[in-house]
Amino acid sequence: MCDYNTLKLKDYNLWKYTAKGSANAVYRYNGPHNPLFTHKVIRVRLTSCELLTKEVFEFMNSSKLEKLREYIPRTDILSVDRQFMDNLQRQSPASVKLNRLETDVLLLDDIFTHKISAYHEICLSKYYKFYIFKKEDQKEFILEFKPKWLYKPPAFFKTCRNCAQSILKKQKFSNCTLLLLSMPEGVRIWCRNLQNELERQGYNIAVYDSLFQVISEHYDLIEILYKLENKNCNDMHNTLRQLSSPKGVTDVIRNSMSLRDVSITINLSSHEVHVLDIDPKPTSKWKKWKEQEIKNSPLYLCESNCSLNSEGDTVNVATNPHCPVKF
Ligand SMILES: O=P(O)(O)O[C@@H]1[C@@H](OP(=O)(O)O)[C@H](OP(=O)(O)O)[C@H](O)[C@H](OP(=O)(O)O)[C@H]1OP(=O)(O)O
Ligand SMILES: Nc1ncnc2c1ncn2[C@@H]1O[C@H](COP(=O)(O)OP(=O)(O)OP(=O)(O)O)[C@@H](O)[C@H]1O
C-alpha cells in the first residue's frame, strides 16, 4: 500500500464521472500524466450507504479475502476534504448524491483501457453487460456480471435464489450462475446462453470461445468465491429467515452476503479477470434479507428456467456429480 497520508486530493476537475451503483460513484482520472493517478479511478460513497470508505478499505484488505487478492484491482485510500467533495458533487449527474461528509475515497486501478464513453454498452440484463471498444485495428470486449449466490440450494428447491430474484426484478434475460459451478458442461451452457442472447438482440459478435477459455483459465475464482460464500453456512435461506435483530447478523453472514453481491469483469481481449464491488454489508440489512426470503419462498418452489430443474443437455446443479467444489 502506498503512503498517501500526506496526499490530499484537491483537483476535483481532473476526475470525470464514469458510473454509479446503489452505494458508490466511480470517477476516472482525466488529467495530465501522473504516475499516481493515470489509469486509476476513485470510488466515492453515496448518501445511501451506512458504512464509510475506511470500513470498506479495511474489509477489502482483511485476511479473510486473501485468496481473492489477485483478482481485486490494486486499491489505496486517499483523504479528501469537504471542498473536494462539494466540487465533485457539482460536476456529477443530478442522480448522484455523494456522501459529502466522507473524509476518504478509494483509489483503484481502472479495469477499462479506454474512457468509458468510448465503449459501446450492451446491457443484456441488470446482471450482464458487455462493453465493446472498436477503433481501427484496436478491439476490446469486456463482460461485467454479477454471479450473486454461488451455492447449493436446498434439495426441495425448484428455482434458485438468483433466478427467483431475476424473475422478481422482471429481467427479460436470465442466465443461472449456478451453471458456473459445473465445469465444463455448465460453464459451456452459461457461455452459450450469453452468445445466443447477443445474437437474439441482433449483435453479430462471437464471444463463446474466448469467454469459455478465460473462465477455464481463471476457474479458481469461481471455486474461491463458492468456498468463501458458503464457509460455515450450509443453509443461508433458513439462516436469514431466522434473523430477528441486527445482533443476529454474525460475521459469517456478513461476509457471505457481501461476497454474494460482488461483480466480476472478464476482459475477453487481455484475458484479465477482476472482482469489483467488494463492499461489506451492515448488520442493519437483516430485516431486508429476512423479508426478501419470506417474499421469495413461493417462487423457490415454482418451476422456472433455473438450471436446477433443467434436464436433457443442461445440468441439474443440485445433484451435479461434476460440481468441483466440496462442502
Ligand atoms: O438482495 P439483492 O439480490 O436484491 O441484491 C441487492 C442488489 O440487487 P441486484 O443484485 O443488482 O439485483 C443491489 O444492486 P442494484 O442497486 O440493484 O444494482 C445492491 O447491490 C444491494 O446492496 P446494497 O443495498 O447496495 O448494499 C443488494 O442487496 P443485498 O441483498 O446484497 O443487501
Ligand atoms: N476499478 C474500476 N475500474 C473501472 N470501472 C469500475 C471500477 N470499479 C467499478 N467500476 C464501474 O463502476 C460501476 C459501479 O461501481 P460499483 O459496482 O463498485 O458500485 P456499487 O454502488 O457498489 O454497485 P451495486 O449497486 O452493485 O452495489 C461498476 O459497475 C463498474 O462498471
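If you're wondering where the values come from, they're calculated on a predicted model, not measured in any experiment.

Draft legend 1. Quick peek at the overall build of the chain. The number of helices and strands found in the chain is nine helices and 11 strands. A compact globule built from 327 residues should have a C-alpha radius of gyration of about 20 Å, and the chain, at 20 Å, falls within 12% of that. In terms of principal-axis extent, the alpha carbons of the chain reach across some 60 × 55 × 35 Å. Across the 327 residues that make up the chain, the buried fraction comes to 33%. For the chain, the proportion of contacts with a sequence separation of at least 24, taken over those separated by at least 6, is 65%.

Draft legend 2. Region of the structure containing the packing of helix α4 (residues 185–200) against helix α5 (residues 208–217). Between α4 and α5, the least distance of the axes is 9 Å, while the angle of their chain directions is 145°. Between α4 and α5 lies a crossing whose hand is right-handed. Contacts between α4 and α5 involve Val-187, Arg-188, Cys-191, Arg-192, Leu-194 and Gln-195 from the former and Tyr-208, Leu-211, Phe-212 and Ile-215 from the latter. Considered class by class, the residues forming the contact of α4 with α5 number seven nonpolar, one polar and two charged.

Draft legend 3. Expanded view of the environment of Asn-238. By the element assignment, Asn-238 lies in helix α7 (residues 236–241). Taking the C-beta count within 10 Å as the criterion, Asn-238 has 11 such neighbours and is therefore assigned exposed. Placed 128 residues apart in sequence, Asn-238 and Asp-110 show a C-alpha to C-alpha distance of 38 Å.

Draft legend 4. Highlighting the pairing of strand β9 (residues 138–145). Pairing analysis gives eight bridges linking strand β8 (residues 128–135) to β9, with the strands arranged antiparallel. Along β9, the bridge assignment pairs Lys-134 with Lys-139. Here β8 hands over to β9 after two residues, with Glu-136 in that stretch at a positive phi of 45°.

Draft legend 5. Broad picture of the site of ligand 1. Among the 13 residues in the neighbourhood of ligand 1, the closest are listed as Ser-22, Ala-23, Gln-165, Asp-261 and Lys-285. Residues of the shell around ligand 1, tallied by class, amount to two nonpolar, four polar and seven charged. Among the domains, domain 1 (8–109) and domain 2 (116–319) are the pair contributing at least three residues each to the shell around ligand 1.

Draft legend 6. Expanded view of the site of ligand 2. Ligand 2 sits among 21 residues. The nearest are Ala-19, Gly-21, Ser-22, Ala-23 and Asp-277. At the level of secondary structure, the elements contributing two or more residues to the shell around ligand 2 comprise β2 (15–20), β3 (24–29), β4 (40–45) and β6 (104–109). Top element by residues in the shell around ligand 2 is β2. It accounts for three residues.

Draft legend 7. Up close: the sheet that holds strand β11 (residues 273–276). Judged by pairing direction, the sheet is antiparallel, and its five strands sit side by side in the order β7-β8-β9-β10-β11 without closing on themselves. Every interior strand has two partners, whereas the edge strands, β7 (120–125) and β11, have only one. Pairwise comparison of adjacent strand axes, ignoring direction, gives a mean angle of 20° for this sheet. Pairing between β9 and strand β10 (residues 263–267): four bridges, direction antiparallel. What sits directly across from Phe-145, in β10, is Ile-264.

Draft legend 8. Up close: helix α2 (residues 82–90). Buried within α2 are the following residues: Phe-84, Met-85 and Leu-88. Viewed end-on, α2 has its buried residues packed into an arc of 95°, placing them on one side of the element. Among the exposed residues of α2, those oriented more than 90 degrees off its buried face are Arg-82, Gln-83, Asp-86 and Arg-90.

Draft legend 9. How the structure looks around the packing of helix α3 (residues 161–168) against helix α9 (residues 286–300). Two elements in contact, α3 and α9, have axes separated by 10 Å at closest approach and are oriented at 100°. Classified by the angle between their axes, α3 and α9 sit roughly perpendicular to one another. Only Asn-296, Leu-299 and Tyr-300 of α9 make contact with α3, whose side of the interface consists of Arg-161, Ala-164 and Ile-167. Here the contact of α3 with α9 is composed, by residue class, of four nonpolar, one polar and one charged.

Draft legend 10. Fine view of the domain arrangement of the chain. As assigned here, the chain comprises domain 1 (8–109) and domain 2 (116–319). In this structure, domain 1 and domain 2 have C-alpha centres spaced 25 Å apart. Looking at the side of domain 1 that touches domain 2, the elements that each hand over two or more residues are β2 and α1 (53–60). In terms of residue count, α1 provides more of the side of domain 1 that touches domain 2 than any other element does, four residues in total.

Draft legend 11. Focus on helix α8 (residues 251–259). Among all positions of α8, only Ile-253, Asn-255, Ser-256, Met-257, Ser-258 and Leu-259 are buried. For α8, the secondary structure elements touched by its buried residues are α6 (219–230), α7 and α9.

Draft legend 12. Expanded view of the pairing of β7. With five bridges joining them, β7 and β8 adopt antiparallel strand pairing. Bridging from a neighbouring strand, His-120 pairs with Ile-132 of β8. In this antiparallel pair of consecutive strands, β7 and β8, the connection spans two residues.

Draft legend 13. The nonpolar core, seen in detail. Core analysis: the biggest nonpolar cluster contains 46 residues, and Leu-150 and Cys-160 have the highest contact counts within it. In terms of residue count, α6 provides more of this core than any other element does, five residues in total. With sequence-adjacent residues up to four places away left out, Leu-150 is seen in contact with Thr-177, Leu-180, Leu-181, Ile-222, Leu-225, Tyr-226 and Glu-229. Core analysis: the second largest hydrophobic core is formed by 20 residues, Ala-25, Tyr-29, Leu-78 and Val-105 among them.

Analysis parameters
- Residues numbered from 1 in each chain as written.
- Chains lettered and ligands numbered in written order.
- Predicted model: local features only at pLDDT ≥ 70, side-chain atom pairs only at ≥ 80, totals over all residues.
- Helix = DSSP H or I, 4+ residues; strand = E, 2+ residues; numbered from the N terminus.
- Rg over C-alpha atoms; globule rule 2.2 N^0.38 Å.
- Buried ≥ 20, exposed ≤ 12 C-beta atoms within 10 Å, placed from the backbone.
- Contact = placed C-beta atoms within 7 Å.
- Axes fitted to C-alpha atoms, helices over the stretch in contact; angles between N-to-C directions.
- Left-handed = near helix turned anticlockwise from the far one by under 90°.
- Nonpolar A, V, L, I, M, F, W, Y, C, P; charged D, E, K, R; others polar.
- Pairing = 2+ DSSP bridges.
- Near = placed C-beta within 6 Å.
- Domains from an automatic or database assignment.
- Arc of directions from axis to C-beta.
- Parallel < 35°, antiparallel > 145°, perpendicular 65-115°, else oblique.
- Core = buried A, V, L, I, M, F, W, Y, C linked by C-beta atoms within 7 Å.

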